[in-house]
Amino acid sequence: INTISRRTMKRQVSYSIPEEMAKGSLVGNIAQDLGLDVKRLKLGNAHVYSGDSREYIELNSERGVLLIKERIDREALCGETTPCAVHFQIVLENPMEFYSVTVEITDINDNAPTFEKNEIRFIISESAVVGAKFDLERAVDSDVGTNSLQSYILKPTDHFLLKLHSQADGTKNVEMILQKPLDREKNEFISLVLTAVDGGEPQMSGTMQILITVLDVNDNAPVFTQPIYKGTVAENSAKGTIVTDVSASDVDHGLNGKITYSITNTLDDVRHIFEVNEENGEVRLIGLLDYEKKRNFQINVRARDNGGLTDSCKVIVDVVDINDNEPTIKIMSKSTIISESANANTVVTMINIQDPDSGENGKVQCFINDKIPFLLKSTSNNFYSLVTDSDLDRERASAYNITVTCSDEGVPSLSSSVTLTLQISDVNDNAPVFERSSYEAYIVENNTPGLSIFTVKARDADWNQNARVSYILEDSSVNGVPVSSYVSVSADSGVIHAVRSFDYEQIKDFHFRVKAQDGGSPPLSSNVTVKILIQDQNDNPPQVLYPVQTGGSLVAEMVPRSADVGYLVTKVVAVDVDSGQNAWLSYKLQKATDRALFEVGLQNGEIRTIRQVTDKDAVKQRLTVIVEDNGQPSRSATVIVNVAVADSFPEVLSEFTDFTHEKDYNDNLTFYLVLALAVVSFLFITCLVVIISVKIYRWRQSRILYHSSLPVIPYYPPRYSDTLGTGNLQHVYNYEVCRTTESRKSDCNFGRAGSQNVLIMDPSSTGTMQRTQNEKSILDEPDSPLESPPSPAASLSPYRSLM
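Per chain, residues are indexed from 1 in the order of the written sequence. Owing to the predicted nature of the model, reporting of local features is limited to residues with pLDDT of at least 70; listing and counting of side-chain atom pairs is limited to 80 or more, with chain, interface and lining totals taken over all residues. Calculated side-chain values reflect all of the structure's heavy atoms, with hydrogen atoms and water omitted.

The name given to the protein chain in an unreviewed UniProt entry is Cadherin domain-containing protein, and the organism recorded there is Seriola dumerili. Under Subcellular location (unreviewed entry), UniProt gives the following word-for-word description of the protein chain: "Cell membrane". UniProt positions are given in the numbering used here, feature names are shortened, and annotations may be inferred rather than shown by experiment. Its UniProt record gives the protein chain the following Function (unreviewed entry) comment, quoted word for word: "Potential calcium-dependent cell-adhesion protein. May be involved in the establishment and maintenance of specific neuronal connections in the brain."

(A) Seen up close, the state of the cysteines. A pair of cysteine sulfur atoms is labelled a disulfide when the two atoms are within 2.5 Å. Scanning the model with the defined rule gives 2 disulfides in all. Across the disulfide from C78 sits C84; the S-S distance is 1.8 Å. Between C78 and C84, the disulfide has an S-S torsion of 65° and is therefore right-handed. Like C84, C78 is buried. Linked covalently through their sulfurs, C366 and C406 form a disulfide whose S-S length is 2.1 Å. As the torsion about the S-S bond is roughly 110°, the C366-C406 disulfide counts as right-handed. Of this pair, C366 sits in strand β28 (residues 364–368) while C406 sits in strand β31 (residues 399–408), and the two are 40 residues apart along the sequence. For the pair shown, C366 and C406 are each scored as buried. Sequence-ordered numbering of the bonded cysteines in the protein chain yields a pairing of 1-2, 3-4. Exposure is judged per residue with a 1.4 Å probe applied to protein chains only, and the accessible area is read against the type maximum: over 50% gives exposed, under 20% gives buried, and values in between give partly exposed. Helix and strand assignments come from DSSP, with helices taken as H or I runs of at least 4 residues and strands as E runs of at least 2, each series counted from the N terminus.

(B) Just unusual backbone geometry, in detail. Residue P83 is bonded to the preceding T82 through a cis peptide linkage, with omega at -15°. Within the secondary structure layout, P83 lies in the loop between α3 (74–78) and β7 (84–92). Of note, the amide linkage connecting Y546 to P547 takes the cis form, showing an omega dihedral of 0°. With respect to the helices, strands and loops of the structure, P547 is situated in the loop between β44 (543–546) and β45 (554–559). Even without being a glycine, N464 presents a positive backbone phi close to 60°. In this fold, N464 is placed in the loop between β36 (458–459) and β37 (470–473).

(C) Quick look at the sheet that holds strand β40 (residues 487–489). Any two strands between which DSSP finds at least two bridges are classified as paired. Taken in spatial order, the 3 strands of this open sheet run β35-β41-β40, and their pairing is antiparallel. Strand pairing shows two members of the sheet lacking a second neighbour, β35 (452–455) and β40, which therefore form its edges. Across the sheet, the mean angle separating the axes of adjacent strands is 25° when strand polarity is ignored. Note: β35 against strand β41 (residues 495–498), 3 bridges, orientation antiparallel. Bridge assignment links F454 to a residue of β41, and that residue is I496. The convention used is that axes are lines fitted to C-alpha atoms, helices contributing only their stretch in contact, and that angles between N-to-C directions extend from 0 to 180 degrees.

(D) Inspection of the environment of V129 at higher detail. Looking at the element boundaries, V129 is found in the loop between β9 (119–125) and β10 (133–136). Measuring from C-alpha to C-alpha, the distance between V129 and P181 comes to 6.6 Å, with 52 residues separating the pair along the chain.

(E) A look at the sheet that holds strand β30 (residues 383–388). Spatially, β25-β27-β30-β29 is the arrangement adopted by the 4 strands of the open sheet, whose pairing is antiparallel. One side of each edge strand has no neighbouring strand; the edge strands of this open sheet are β25 (328–334) and β29 (374–380). The sheet shows a mean angle of 25° between the axes of neighbouring strands, direction not considered. In terms of strand pairing, β29 meets β30 through 6 bridges, oriented antiparallel. When the bridges of β30 are listed, F374 appears paired with T388.

(F) Inspection of the nonpolar core at higher detail. By size, the foremost hydrophobic cluster in this structure holds 29 residues, and its most contacted members are V487, F502, F510, F512 and V514. Breaking this core down by element, the ones donating at least two residues are β34 (438–444), β35, β37, β40, β41, β42 (509–517) and β43 (525–535). Within this scheme, the nonpolar core is defined by two criteria: the residues are buried Ala, Val, Leu, Ile, Met, Phe, Trp, Tyr or Cys, and they are joined through side-chain atoms within 4.5 Å. Counting 28 residues, the second-largest nonpolar core is a separate cluster that includes A31, A46, I57 and Y99.

(G) Summary view of the pairing of β28. Side-chain alternation along β28 places V364, C366 and I368 on a buried face and Q365 and F367 on a face that remains uncovered. Strand direction decides the pairing type here: β28 and β31, joined by 5 bridges, are antiparallel. Across the sheet, residue V364 finds its bridge partner in β31, namely D408.

(H) Highlighting the pattern of salt bridges. The term salt bridge refers to a pairing of a side-chain nitrogen on Lys or Arg with a carboxyl oxygen on Asp or Glu at a separation within 4 Å. The tally for this structure, following the rule as stated, stands at 18 salt bridges. Ionic pairing is found between K42 and E62, a salt bridge with its closest N-O pair at 3.4 Å. Here the residue K42 occupies a position in helix α2 (residues 38–43), and E62 occupies one in the loop between β5 (57–60) and β6 (65–68), the gap between them amounting to 20 residues. Here K42 falls in the partly exposed class, since its relative accessible area comes to 45%.

As structure tokens, this is what we get:
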């Protein structure tokens, strides 16, 4: 615990405490120091009054002591002001009196010296003189007295010393003084550390890095790596040949170390034959050499830096004698084009070789490049012929670059070469080849005639006219019709076009052959099979086969009032001649007299009751069923099913007498009436003409039979007898239904229902009738292309029809 000093006076007491004491620390016993009883403090409601200033000290009335209320930072409270103190009063009541208290805050070493920047940079020339001064940044320490900044330390001290200058305000300026010359070639970068130290316990410090870059001066001359350089060069060396390299170095930096090279010969012709690259010291040949004229050269080379400092060396060049006459190749006769059908040993070119050298230097051997179908034959001294060595194939190689190289036997050997370009002319030896062995294309039905379906492509490895491919549609037939009435082929492009609009329901696919023929003589050709598949469109709406919508009489299905839930009333039968999902049919109940009584099977079209039939249900029920396919967009058909809810036919006669007289009014009623009147008038006139014509024809036939001797045999239509009547009515009407065996096919199988009962209402009559019709449909005749078993729904009760 820091020592606390106090000074007691009449109505005033002083204390001294260090800063940063913990909250609740004891400052002093104020009751004892003021000579007051603790009870007086309690009864007098003693408290601390500090005016507008912040309260750092609090009074404990129970103990009569002053305690630290809040941590005190001397630097924040007083800054550099010394001494630093907190003043406040102790106030008592009954009677009113107060005492002044002064608490001096002493400094502790809680702040280290700091620099504003972590590093500082200097750029100093290596020519700087000893004693040069450089000002440094001062450090700052918030503490006071011995705890404040006391000294600086600079390390290392190889080149610089530290000097401090006291100022009038008590601060010290810091200077860095050069004590040893700088040499950039030894140390281009120097790093120093300046440390500021205070005098507290424990001692604290702060550092700043000093980075010095040493600038170069031109204080070093270039120096060649060796005084004499040697090089050799052949007498036939080309201009630009490098003879040797000279090299000098300068330890200076930048422009001071940049060296340029030059030749200093003046009395001879060296500078006309050699040159030195002023940047890199390469000695190159720029003239012509002849060993017989001069065998060696001495070149004086000088190196100079930008400051004018120089050094020199000598380059001795020896000229080497060589075999400097190369063979000469002359073409006596040559062909530039040869057919790929040429036979082996066909002469292409005649060559003559000359070499003015004598002895071994004049002996020449010639050869050609490998892996070509040609051979070089020697016919006599210095004469060669180039002939074919094997069969040629233009498709494998359309041209050859034949390089003939001739070398003498000199040391070193000299050689020369010539390249002959030989074109291979084409013959028609390749037939067109299709990209595929067969093609398959798709087209959607109801297409526009002339639509492009597919493109066949054949390639011919020959060239020009021999590779020009034409496409021809081979004659064939599809269902007895020429294929040319279905498709056409573009002779140039191979594009297959549709000639007509296809109907999937009539033809689903067909195939034909296309021939590709080139333009050679004679032409070559190849064939490919193309299969066209017709894709279905949803272009046919569903067709309702049952119930048949009659124009005159009204057909109604009967449901007894005793029918249970799920009772099968009838079945809507429809087909769609499309295929796939375009023929998938769904049935929905669109309108009904009583929706709560009937439902329609979504997939099978069966109309069943969904609740028990009651006596309150109306006798006549009218249902509107919509049949939709699954195409995009879908197509639909609507059928009206009349249902009679009754136990017997007489019960519903009165209800259905005027059933057909109900009218559906709409906004276009007038238009339909006018249209119906026109159609009826037209049909009436047509029927009148037909009847008159038939009457005249029968009258003429009767006249002929009357005058003939043949017996007259009465004619009755087949299957005319009315039999199998059941129920209350005397006639049974048999209807025929048509259904598909599979939704993916458009073929229809027709079945027939046998002797079933349907309620038929004729508005013009007062009774009912039941007909029996047992004749077969036209599709059931022996020559019909389709046969089907009877409809599976042939077992309904006598009072309703089955699907």
